[in-house]
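# A structural walkthrough
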Amino acid sequence: MIKKYIKKVMQQKPIAFVAIGYDNVYDDFTNVNPLKILEGIPTIAILKYVVEDYSSIFYAQSNESAQRNLIYKFCTYLPIKTRQRIWKFIRNTEADGHHVFLYEAIGCRMLYRLALQTYTPLNENDDIELCENEYEPLFKAILYCNKLWTDQQLLQKQCPLSEILLKIDIPIVENKQYKDYRTQLYKAYRFFSFCEKDVLFRTYLPYFIQDKNVENWGEYIMLLFNGYFYSIKDCIIPHGNNSENKFLSQFLIDTDDTTLATLWDIGNKGFEYFYNHFLYMMPNGDFLLLDANLLIDKLYQGLKFDLFQTIQKHCLLNKKGKHYKDISEFNSTLGTIFSERHLLYELIDKIYNKSNIIKFTGEELKAAGIEGEPDYYLRIEDDLFLIEYKDLIFPDSLRYSDNIDDIKQGIINRLCLDDGIKRKGGGQLLFNIDRILNHNLMDNIDIRWKSVKRIFPLIVTTDRAFSAMGVNFCVIESFDQIMKRKYSFKQPVLIFKPVILNIDSLIILSYRLNKSILQLSDVLYDYIMLNWKNISSFDNYVYDKYKESKTDLTGSIHFLLEDLVKRIAKLTNSMFQ
């Protein structure tokens, strides 16, 4: 019965969400000039309408009925023949078992780029809301962006499903779901705590605080979180006191900025503009938040880039007394001295604090004389979890590449490589599994390692690009090739397929793992067995399968953030909670 159930689940294909595009409704896609579509419509009216619509489904972008209703809302202002084509497209798509959507993060940001390059000010007597004759041009612009973005994701050759999904999902995976504030707050706290103690980084911290117009890092976190708190219910952040307004103003879109004149023309590079400009000033002084994920990113993900900008601006030096060559060198430094030690090590320590669990960090293994060590060794009874930690960024040149072979090779080079010269990720895991099983690597450190019956190879990442559909398949394929080419395991130990998980998923599960509400081996086993064609990501699986109860959510907040809340309250004399 169980085998039949597993077989049935593994044959289920994921439901697709299909964007309604320009050519589904209009016939002049190849001739229309997108820069003319929004001509004369006040930019603030465009942004306000789209942001309000998008924010209404921000926490449930896959809500098919809500997406459909947002399309129907436009229909009130469209000609009857146009409406008929829309309804036909929706009927046909849903008849095929798929759902239609109008808004998602990338399409909206393309629309923002188009609206800002064709900027039209609001005249004194103009209404901030759209006029009746302005709805169809805006609808056309949205559909044009959807069509353009969909075309960019199409492959130029026949490919297997895993590669098609890989090409489609990598550019959008970062924004498919809302970002959990707990993971970002937890990582930000660990980072600022590190900066305070590290000999070099504590010299950087005052410059960063100065550049961000705050008194201390606690105020930086508090002001960002206050903005996020408002975004839960509304896309408008009300103007506050002088210090709050001054802080938020650094993220404002400046309509006099010459960058806007080419924001649409420069293509995908135009997306970078919104990393630091995600607020638009309303006529009454309130702040329109274009996308809450962009704000949440500033807590940690964007924090690293901003700190590097501070270092460059003030000509600060690295530990060798030299300038960092580029952001890649800076991120590599952070990965070595901060991320692995103060995120991975401390998080696993926090989760597994019982004496009957055997665990060794990479540093401890190296100190014991083991070279080429795994980044973490965790044994819970007869289950062994071997971890490789990859704090690296998948570059935009690959993220938006048209060449699927380059994308796949980029993944393999970073997550599963053993070419005889370099070993990365899955290749390194196999190297150590071989040494453990065939060469008694752990005899002097973990005397009961021979009780192990199952090995779970894990690759923990920090870039959401590696959570895209198809990445896990690509890595498993490479892992299997390396295993067949180089290794033979005679011991009766079950070696599972490698699992790629973002550290955010480990943070989200941490409280329930610590309290034994969940067992890591069970979560991983279920994912591996029920993952259709090895295509879906572990992070999506956790998001869909392991929703938290209110009790678990409360416990998780205290488990992860209690120390942060106390520290910020002390730093800012606030009642931050």
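Each remark here, short or long, concerns the structure printed above.
What this report covers is the structure whose coordinates are included nearby. Only a predicted model underlies this, so the values are computations on that prediction, with no experimental measurement involved. (Residues numbered from 1 in each chain as written. Predicted model: local features only at pLDDT ≥ 70, side-chain atom pairs only at ≥ 80, totals over all residues. Heavy atoms only, no water.)

### Description of unusual backbone geometry
Residue N213 is not a glycine yet carries a positive backbone phi of 60°. Mapping N213 onto the fold places it in the loop between helix 10 (201–211) and helix 11 (217–231). Despite not being glycine, K533 shows a phi value in the positive range, around 55°. (Helix = DSSP H or I, 4+ residues; strand = E, 2+ residues; numbered from the N terminus.)

### Focus: empty space enclosed by the protein
Under the definition given, this model contains five cavities of 30 Å³ or more. By volume, the largest cavity is sized at about 100 Å³. V51, Y54, S55, F58, Y59, S231, D234, C235, L289, L290, D291 and A292 are the residues that line the largest cavity. Looking at the lining of the largest cavity, the element that brings in the most residues is helix 3 (residues 43–56), giving three residues. Here the lining of the largest cavity is built from residues that sort into eight nonpolar, two polar and two charged. Around the second largest cavity sit I348, I351, Y352, L378, I387, L458, V460, L501, L506 and L520, which together line it. Grouping the constituent residues of the lining of the second largest cavity by class yields 10 nonpolar, no polar and no charged. (1 Å grid on protein atoms, 1.4 Å probe; cavity = no way out; pocket = protein on both sides within 12 Å on 5 of 7 lines; lining within 4 Å. Points joined across faces, edges and corners; volume = space filled by probe spheres on them. Nonpolar A, V, L, I, M, F, W, Y, C, P; charged D, E, K, R; others polar.)

### Overview of the pattern of salt bridges
Evaluation of the coordinates by the stated rule reveals 34 salt bridges. D297 serves as the salt-bridge partner of K179, at 2.7 Å between the closest nitrogen and oxygen. Of this pair, K179 sits in the loop between helix 8 (161–169) and helix 9 (181–197) while D297 sits in helix 14 (residues 292–297), placing them 118 residues apart in sequence. Of the residues examined, K179 reaches a relative accessible area of 10% and is grouped as buried. Assessed through its relative accessible area of 16%, D297 is described here as buried. Between D349 and K359 there is a salt bridge, with the nearest N and O atoms lying 2.8 Å from each other. Placement of D349 in helix 16 (residues 327–351) and of K359 in strand 6 (residues 358–361) is noted, with a sequence separation of 10 residues between them. A cluster of three or more residues bridged by salt bridges with shared partners is formed by D23, K147 and D151. (Salt bridge = Lys/Arg side-chain N within 4 Å of Asp/Glu carboxyl O. Buried < 20%, exposed > 50% of the residue type's maximum accessible area, 1.4 Å probe, protein only.)

### Quick look at the nonpolar core
Across soluble globular proteins, nonpolar side chains show a tendency to be buried alongside one another. Within the largest apolar cluster, 154 residues are counted, with the highest numbers of intra-cluster contacts made by Y103 and F201. If we ignore the near neighbours within four places in the chain, the residues touching F201 are F194, C195, L307, Y324, F330, L334 and I337. Listed in part, the 45 residues of the second largest apolar core include L398, I436, A468 and V471. (Core = buried A, V, L, I, M, F, W, Y, C linked by side-chain atoms within 4.5 Å. Contact = heavy atoms within 4.5 Å.)

### Brief notes about the side chain of Q428
Tracing the backbone shows Q428 in helix 20 (residues 426–439). Q428 gets classed as buried once you look at its relative accessible area, which sits at 10%. In this structure the side chain of Q428 is engaged in a polar contact, spanning 3.4 Å, whose partner is the side chain of R423. Excluding its chain neighbours within four sequence positions, the residues that come into contact with Q428 are G372, E373, E388 and R423. (Polar contact = N/O pair within 3.5 Å; in protein donor to acceptor, adjacent residues only side chain to side chain.)

### Focus on the sheet that holds strand 3 (residues 236–237)
Read across the open sheet, the three strands follow the order 3-5-4; overall the sheet is antiparallel. At either end of the open sheet lies a strand with only one pairing partner, and these are strand 3 and strand 4 (279–281). Pairing analysis gives three bridges linking strand 4 to strand 5 (residues 287–289), with the strands arranged antiparallel. Residue pairing in the sheet places L279 in a bridge with L289 of strand 5. (Pairing = 2+ DSSP bridges.)

### Observations concerning the pairing of strand 7 (residues 376–380)
Burial analysis of strand 7 places five of its five residues in the buried class, the great majority of the element. The side-chain alternation of strand 7 yields two buried faces, one formed by Y376, L378 and I380 and the other by Y377 and R379. Bridge count between strand 6 and strand 7: four bridges; the pairing is antiparallel. Bridge pairing links I358 to R379 in strand 7. Summarising the sheet, strand 7 and strand 8 (residues 383–390) pair through five bridges and their orientation is antiparallel. Within the sheet, the bridge partner assigned to R379 lies in strand 8 and is L384. Hairpin connection, strand 7 to strand 8: the antiparallel pair is bridged by two residues, and E381 has positive phi, about 55°.

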